[in-house]
Amino acid sequence: MRGRFITFEGGEGTGKSTHASLLAQRIKSFGIGTLLTREPGGSPGAEVMRYVLLSGAVRPLGAEAEAVVFAAARDDHLTTMIRPALERGKWVVCDRFADSTRIYQGVAGKVDPLAIKAMERIIVGDTKPDLTLILDVPAKEGMKRAAERRGSGSTDRFEGEALSFHEKLRDGFLTLAANEPDRCVLIDATSSKEQVAEQIWRVVSKKLDPASAPIAFEDFKV
Ligand code: TMP
């Protein structure tokens, strides 16, 4: 049986990476084979593209070119990591996926939504997430948290954008959550880490019921 595919989405500093990792650990504790991964990246080829994208090297070529490179990274990640894991019955928890392209390159970058949709159809195909958790905090708060996490390090390609860009991202994610309520669940990520983790766990338990999932026995080989 195909595993489950869960994605985390949201703006900068919303706590996606922390909560993706906590959720993956919790799923694993049920004996379910679990792959925790991220985009851009998640496979050796896509991690190279991540480095190039976040360095800002593709930025001068325009948002369309960036969307194409994000899609190329996604193609490699899906082919070499995500689909094989799902086929083996593993649950995949991914920190960002195709919705980030829709919102960052589509909504904020103004790339033609038809072009974004066409790329998604070609690259993602049927490998759509079963559940997408959209972590929400006000843009200003998210930027503050991201700056605290960065410390003295420099901003990457997107962190360095103005507050108005980050507000567009937030609006885009809120609209996405409202438009696709069957797949997307909005999580208020302003409360404590523990409270947010519990909120996420309640949603995952209700929608996907990990407690009754078949166990991928190959993960128990010694
Ligand atoms: P992060 O993994 O640290 O959040 O960094 C990834 C950055 O890349 C983040 O600013 C969002 C951006 N991004 C896009 O613009 N489009 C995409 O399709 C993806 C996956 C990420």
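So, here is what we can say about the structure in this document. (Residues numbered from 1 in each chain as written. Predicted model: local features only at pLDDT ≥ 70, side-chain atom pairs only at ≥ 80, totals over all residues. Heavy atoms only, no water.)

1. Examining empty space enclosed by the protein
To keep things clear, this is the line we draw: Cavities and pockets are found on a 1 Å grid laid over the protein atoms alone: a cavity is a set of points where a 1.4 Å probe fits but cannot escape, a pocket is an open set with protein on both sides within 12 Å along at least five of seven lines, and a lining residue has an atom within 4 Å of such a point. Grid points are joined across faces, edges and corners, and a volume is the space filled by probe spheres set on the points. Helix and strand labels come from DSSP, where a helix needs a run of H or I of at least four residues and a strand needs a run of E of at least two; each type is numbered from the N terminus.
Summed over the entire model, instances satisfying the criterion amount to 2 cavities of 30 Å³ or more. Of the pockets and cavities examined, the largest cavity occupies roughly 140 Å³. In terms of lining residues, the largest cavity is bounded by 17 residues, among which Gly-11, Glu-12, Thr-14, Val-137 and Arg-170 are the most central. Elements with a minimum of two residues in the lining of the largest cavity: strand S4 (131-136), helix H6 (139-150) and helix H7 (163-179). Residue contributions to the lining of the largest cavity peak at 5 residues, all from H7.

2. A word on the environment of Gly-172
Put simply, the test is: Throughout, a residue-residue contact means that at least one pair of heavy atoms, one from each residue, lies within 4.5 Å.
Here Gly-172 shows up in helix H7. Note: C-alpha distance between Gly-172 and Lys-117 (55 residues apart in sequence) is 15 Å. Dropping the residues within four chain positions of it, Gly-172 is found in contact with Ile-103 and Val-107.

3. Considering H7
The cut-off we apply is this: For a helix, the expected span equals 1.5 Å multiplied by the residue count minus one. Note on exposure labels: buried denotes an accessible area under 20% of the residue type's maximum, exposed denotes more than 50%, and partly exposed covers the range between, all computed with a 1.4 Å probe on protein chains only. Working definition: the arc comes from the directions between the helix axis and the C-beta atoms, pointing outward to the latter.
Compared with an ideal rise of 1.5 Å per residue, which puts 17 residues at 24 Å, H7 spans 24 Å between its outermost C-alpha atoms and is within 8% of the ideal. Along H7, the residues that are buried comprise Phe-165, His-166, Leu-169, Gly-172, Phe-173, Leu-176 and Ala-177. Buried residues in H7, looked at end-on, bunch into an arc of 135°, giving them a common side. More than 90 degrees from the buried face of H7, the exposed residues found are Ala-178 and Asn-179.

4. Topic: helix H4 (residues 98-108)
Counting buried positions along H4 yields 9 of 11 residues, so the element is predominantly enclosed. Regarding H4, the residues found buried are Ala-98, Asp-99, Ser-100, Thr-101, Ile-103, Tyr-104, Gln-105, Gly-106 and Ala-108. Where H4 is buried, its residues touch strand S1 (5-10), helix H3 (63-87), helix H5 (113-123), S4 and H7. Where H4 ends, the next residue or the one after it, Lys-110, has phi of about 65°, a positive value.

5. Observations regarding the sheet that holds strand S3 (residues 91-95)
Our working rule: Only when DSSP finds a minimum of two bridges between them are two strands counted as paired. Angles shown run from 0 to 180 degrees and are taken between the N-to-C directions of axes, each axis being a line fitted to C-alpha atoms and, for helices, limited to the stretch in contact.
As summarised here, the arrangement of the 5 strands in space is S2-S3-S1-S4-S5, forming an open sheet in which the pairing is parallel. Strand pairing shows two members of the sheet lacking a second neighbour, strand S2 (34-38) and strand S5 (184-188), which therefore form its edges. Averaged over all neighbouring strand pairs, the angle between strand axes comes to 20°, with direction disregarded. Note that S2 and S3 share 5 bridges and pair parallel.

6. Observations regarding the layout of surface pockets
Put simply, the rule is: Three categories are distinguished: nonpolar for Ala, Val, Leu, Ile, Met, Phe, Trp, Tyr, Cys and Pro, charged for Asp, Glu, Lys and Arg, and polar for the others, with Gly belonging to the last.
By volume, the largest pocket is sized at about 810 Å³. Looking at the largest pocket, it is lined by 38 residues, and the ones nearest its centre are Glu-12, Lys-16, Ser-17, Arg-96 and Arg-149. Looking at the lining of the largest pocket element by element, the count peaks at 5 residues for H6. In the lining of the largest pocket, the residues fall into 10 nonpolar, 13 polar and 15 charged. Roughly 510 Å³ of volume is contained in the second largest pocket. Surrounding the second largest pocket, 23 residues form its lining, Arg-102, Ile-116, Lys-117, Glu-120 and Glu-180 being those nearest its centre. Secondary-structure elements contributing two or more residues to the lining of the second largest pocket are H4, H5 and H7. No other element matches H4, which puts 6 residues into the lining of the second largest pocket. Looking at the lining of the second largest pocket, its residues break down into 10 nonpolar, 5 polar and 8 charged.

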